[in-house]
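Geometric and topological summary
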Amino acid sequence: MEKLVINGGKRLGGEISVHGSKNAVLPIMAASLLVKGETVLHNVPDLSDVSASIDILEYLGAKVKKENGTLTINAAEIVNNDIPDNLMCEMRSSIIFLGSLLARCRQASMCRPGGCDIGLRPIDLHLEALSALGAMVEERGSCISCIARELRGAKIVLAFPSVGATENTMIAAALAKGKTTIINAAREPEICDLADFLNSCGARISGAGEGVVEIEGVERLHSAQHRIIPDRILAATYMTVAALNSNEMIIRDIIPSHLAPVIPVYMKMGCRLSLSGESLKLVSPKKIRHIRNIKTLPYPGFPTDCQALAAAVLIKARGTSTISEGVFENRFNYAAELNRLGADISVDGRTAIIYGVKRLCGAGLKCTDLRGGAAMVAAALAAEGESTLTQLYHIDRGYEAVEKSLACVGADIKRLNDEKKEC
């Protein structure tokens, strides 16, 4: 069993770079199935979720090569239109292959996906949207089958601005006949990156990043190259580490506008932030300030993926803070683990009350989910003494060798393997 061993209480500093976005690359990898040829993606991070998507692509018949952050996908021949349970259960976002398989093969079958246990993430919106495009959807237990003789454009109103449902609809509609309009579409930067990729392949998508997205279907897409946007949640993770553990840190390779919902919150905590091109400098406060309330909302609101990260900073604030979760109903599982470090967090339903403490002490921790695990790493770096962190598969889904990146700015953090070899 792998674990991270963290010796905290050390001041960090220097420069750290942000890798490509997990939440952007995964739907783009699925969308590559629409191209009967070669897709080349740059700035692809080395994550377990990316590896899981590669496994799905290869099972479907695509040829995939990954080298030095560049992913080459040749989907000229697709031999399967189903995804086995063992591949679907690896990650939640595997449901995004439903729209791409339907558009490419006119039929698809899979089970409901796995992923972090942060609350219900129903796929009803996905299925309703695909049905509106002309798919016949059948559910048997956890199995989903979709068949469409042809896909036709439609007006689709999402009851909630779901990122996954917006992406699935965009992908399927790219090759549908006629015009598709998505109303109440998700507005996250990753939606824009997917649209940019599809448009570079010959799709006709407008309005991405706004509440209404329009897709004019085309007959085919062609090969293209695309660079994945930087990971804004990783940037926020480094901001959290810097706020807790450094005097000054420079975070490179960001898109500043993508951090617009996050920057004001960290400024309220007392951090001094300055932007220069694709870099952000954070000067940490002598005393972290409490925040009366943070509420997570769909973009451009404060991201739910940054909720645990904000909590990790506020556990050392002077005063009491509250965080209200407006997206998922079960995203405070990490609170009990942070309390093991000496934090004082009380959870009531979708609200966490955080009473600031002066001192944190090392402890044994277990990752509860991807972002909660990242929050634990940041807090353990601020704790006195040694902490160990297990169940690293959560962190590896979205962070590329987190221990190596943080070691570059002075963190005493190592990945060890506890397994004993048998004689």
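Whatever comes next refers back to the structure up there.
Below is a summary of the structure that appears in this document. Remember, predicted model here, so these are calculated numbers, not experimental data.

On to the sheet that holds strand S24 (residues 385–390). Spatial ordering of the open sheet is given by S23-S24-S1-S25, a layout of four strands whose pairing is mixed. Two strands in the sheet have a free side with no partner beyond their single neighbour: strand S23 (364–366) and strand S25 (412–417). Going from strand to strand, the sheet's axes swing by 25° on average, the running direction of each strand aside. Sheet topology note: the strand S1 (residues 2–8)/S25 ladder contains six bridges and is antiparallel. Residue pairing for S25: Asn 7 is matched across the bridge by Asp 412. The sheet contacts of helix H12 (residues 370–382) involve S1, S23, S24 and S25, and relative to S1 the element is tilted by about 35°.

Below, the discussion takes up the packing of aromatic side chains. By the definition in use, this model includes one aromatic pair. Each ring, one from Phe 332 and one from Tyr 334, has its centre 6.2 Å from the other, and the planes form 50°; the classification is tilted. A single burial state applies to Phe 332 and to Tyr 334, both of which are buried.

Let us look at the side chain of Arg 331. Along the chain, Arg 331 falls in the loop between strand S20 (320–324) and helix H11 (335–340). Its relative accessible area of 6% is what places Arg 331 among the buried residues.

Moving on: the nonpolar core. Counting 78 residues, the largest nonpolar core has Met 29, Ile 83, Phe 97, Met 170, Leu 198 and Leu 221 as its most contacted members. With seven residues, helix H1 (residues 22–31) is the largest single contributor of residues to this core. Among residues more than four places away in sequence, those in contact with Phe 97 are Ala 30, Leu 33, Ser 53, Ile 56, Leu 57, Leu 60, Ile 83 and Met 110. Ranked by size, the runner-up nonpolar core spans 77 residues in total, among them Met 269, Ala 312, Ala 352 and Ile 395.

Using the criterion set out here, one finds 15 salt bridges in the structure. In this structure, the salt-bridge partner of Arg 152 is Glu 150, at a minimum N-O distance of 2.5 Å.

When S1 meets S24, the two strands line up antiparallel, connected through five bridges. Bridge pairing links Asn 7 to Glu 386 in S24. As paired strands, S23 and S24 are joined by three bridges and run parallel to one another. Its bridge partner lying in S24, Gly 364 is registered against Thr 388. Chirality of the crossover, the property in question, places the unit of S23, H12 and S24 among those that are right-handed.

Parameters at a glance
Residues numbered from 1 in each chain as written. Predicted model: local features only at pLDDT ≥ 70, side-chain atom pairs only at ≥ 80, totals over all residues. Heavy atoms only, no water. Pairing = 2+ DSSP bridges. Helix = DSSP H or I, 4+ residues; strand = E, 2+ residues; numbered from the N terminus. Axes fitted to C-alpha atoms, helices over the stretch in contact; angles between N-to-C directions. Contact = heavy atoms within 4.5 Å. Phe/Tyr/Trp six-rings, centres within 6.5 Å; stacked < 30°, edge-to-face > 60°. Buried < 20%, exposed > 50% of the residue type's maximum accessible area, 1.4 Å probe, protein only. Core = buried A, V, L, I, M, F, W, Y, C linked by side-chain atoms within 4.5 Å. Salt bridge = Lys/Arg side-chain N within 4 Å of Asp/Glu carboxyl O. Right-handed = clockwise from strand over helix to strand, strands pointing away.

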